[in-house]
Amino acid sequence: HIDGFDTYMKMPGSPTPTPTPNASWQRHANTNCYADHGADVVGSGAPIGSLPLADCKAACQAKAACEGIVTQANCDESAAVKCWQYRNIDVAKCHPSGGFNLWLMEPSEPSTTPPPPMPRPRATCMPCPRLQTFDDDQYRQNCADQERFQWIKDLINQGCNQVWYLEAKTYYMDRQYLLPCGVTVKGAGRNKTIIQAVRCEDPPREYGIGTEGPKYRIGFV
């Protein structure tokens, strides 16, 4: 080569079997590498053409053997310049030259960030299991004005795989209700949709233990 070129080279490392689209490049200005002078040629050793710097880099990335490029020095990276491809580059053995630049390709490390979790699929039940009944005194308190609790009974009777949209108001519950499979409950927002527990009986000391537990628990599961 002659003065007026720069050399570019990929840092030593394991050969890259496939193109490295995210590679970074290290520039060694005023450096010329060639056969028997710090580098081994890729292919015939002739320039691959006159190309803008970005195209010269891309051509090297697309070739597994290429570890770096030498280009004619030019302040305008969009200008077409002659480009050579090299491997086994040892910068210490290359020649200083004001007419060349050396670019070493440094493959980026693969990302170790795990992918975001997939959204949880909505549960569905086909066919819908037998629904909860409301006529067993063993599982409910003896509360007056049962009409207050009719809203959840009506919703449960709609069956499985429903979306319940609750308005901005207070809803009352007197016991533990078992939601049908696949039900999603959506309210109007914090402090707007309120679900209030109603205690009509004093629970025994063994509250929550054994078969009497569901009668005195309030909420839905």
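Above this text is the structure in question.
These remarks concern the structure in this document. Keep in mind the model is a prediction, meaning the values are calculated, not measured.

Moving on to the overall build of the chain. Along the backbone of the chain there are three helices and 14 strands. Across the 221 residues that make up the chain, the buried fraction comes to 33%. Taking the contacts inside the chain whose residues are at least 6 apart along the sequence as the reference set, 73% of them involve residues at least 24 apart. Surface exposure of the chain reaches about 13,400 Å², of which carbon and sulfur atoms provide 52%.

With respect to topology, four strands assemble into an open sheet ordered β3-β4-β7-β5, the strand pairing being mixed. Strand pairing shows two members of the sheet lacking a second neighbour, β3 (34-35) and β5 (49-51), which therefore form its edges. In this sheet, strand β7 (residues 81-87) lies alongside strand β4 (residues 38-41) in antiparallel orientation, the contact comprising two bridges. Residue pairing in the sheet places aspartate 40 in a bridge with arginine 87 of β7.

Pairing of β3 with β4 involves two bridges; the strand directions are parallel. Bridge pairing in β4 places tyrosine 34 opposite glycine 38.

Moving on to the state of the cysteines. Counted according to the given criterion, the structure contains four disulfides. A sulfur-sulfur separation of 2.0 Å characterises the disulfide bridge that pairs cysteine 60 with cysteine 66. When the S-S torsion is -100°, as for the bridge of cysteine 60 with cysteine 66, the disulfide is left-handed. Each member of the pair cysteine 60 and cysteine 66 is classed as buried. A disulfide bridge connects cysteine 143 with cysteine 200, and the sulfur atoms are separated by 1.8 Å. In this structure, the disulfide formed by cysteine 143 and cysteine 200 twists by about 110° around the S-S bond and is classed as right-handed. Here cysteine 143 is found in the loop between β8 (95-106) and α2 (150-156), whereas its partner cysteine 200 is found in the loop between β13 (194-197) and α3 (213-216), with 57 residues between them in sequence.

The next point concerns the packing of aromatic side chains. Enumeration according to the criterion identifies two aromatic pairs in this entry. In this structure, lysine 57 packs its charged tip against the face of tryptophan 103, placed 4.1 Å from the ring centre.

Inspection of the secondary structure puts valine 41 in strand β4. With a relative accessible area of 28%, valine 41 lands in the partly exposed category. Residues valine 41 and alanine 65 lie 24 residues apart in sequence; the distance between their C-alpha atoms is 9.6 Å. Aside from chain neighbours lying at most four places away, what touches valine 41 is Ala35, Gln85, Tyr86 and Arg87.

Here the focus is the nonpolar core. Membership of the largest hydrophobic core comes to 15 residues, with the highest contact counts inside it found for Trp151, Ile152, Ile156, Trp164 and Tyr177. Of all the secondary structure elements, the ones that give two or more residues to this core are α2 and β10 (170-173). Counting residues per element, this core draws most heavily on α2, which supplies four residues. The residues touching isoleucine 156, leaving out its near neighbours within four places in the chain, are Leu131, Gln132, Phe134, Trp164, Tyr177, Leu178 and Pro180.

Now for the pattern of salt bridges. Applying the stated criterion across every chain yields a total of two salt bridges. Here aspartate 145 ties to arginine 148 by a salt bridge, and the two come within 3.6 Å at their closest N and O atoms. On the basis of relative accessibility, which here comes to 27%, the residue arginine 148 falls in the partly exposed class. The partner of aspartate 174 in a salt bridge is arginine 175, and the shortest N-O contact between them spans 3.9 Å. Judged by its relative accessible area of 2%, arginine 175 is buried.

Cut-offs and rules
Residues numbered from 1 in each chain as written. Predicted model: local features only at pLDDT ≥ 70, side-chain atom pairs only at ≥ 80, totals over all residues. Heavy atoms only, no water. Helix = DSSP H or I, 4+ residues; strand = E, 2+ residues; numbered from the N terminus. Buried < 20%, exposed > 50% of the residue type's maximum accessible area, 1.4 Å probe, protein only. Contact = heavy atoms within 4.5 Å. Areas by Shrake-Rupley, 256 points an atom, 1.4 Å probe, with all protein chains shown as cover. Pairing = 2+ DSSP bridges. Disulfide = S-S within 2.5 Å. Phe/Tyr/Trp six-rings, centres within 6.5 Å; stacked < 30°, edge-to-face > 60°. Lys NZ or Arg CZ within 6 Å of the ring centre and 35° of its normal. Core = buried A, V, L, I, M, F, W, Y, C linked by side-chain atoms within 4.5 Å. Salt bridge = Lys/Arg side-chain N within 4 Å of Asp/Glu carboxyl O.

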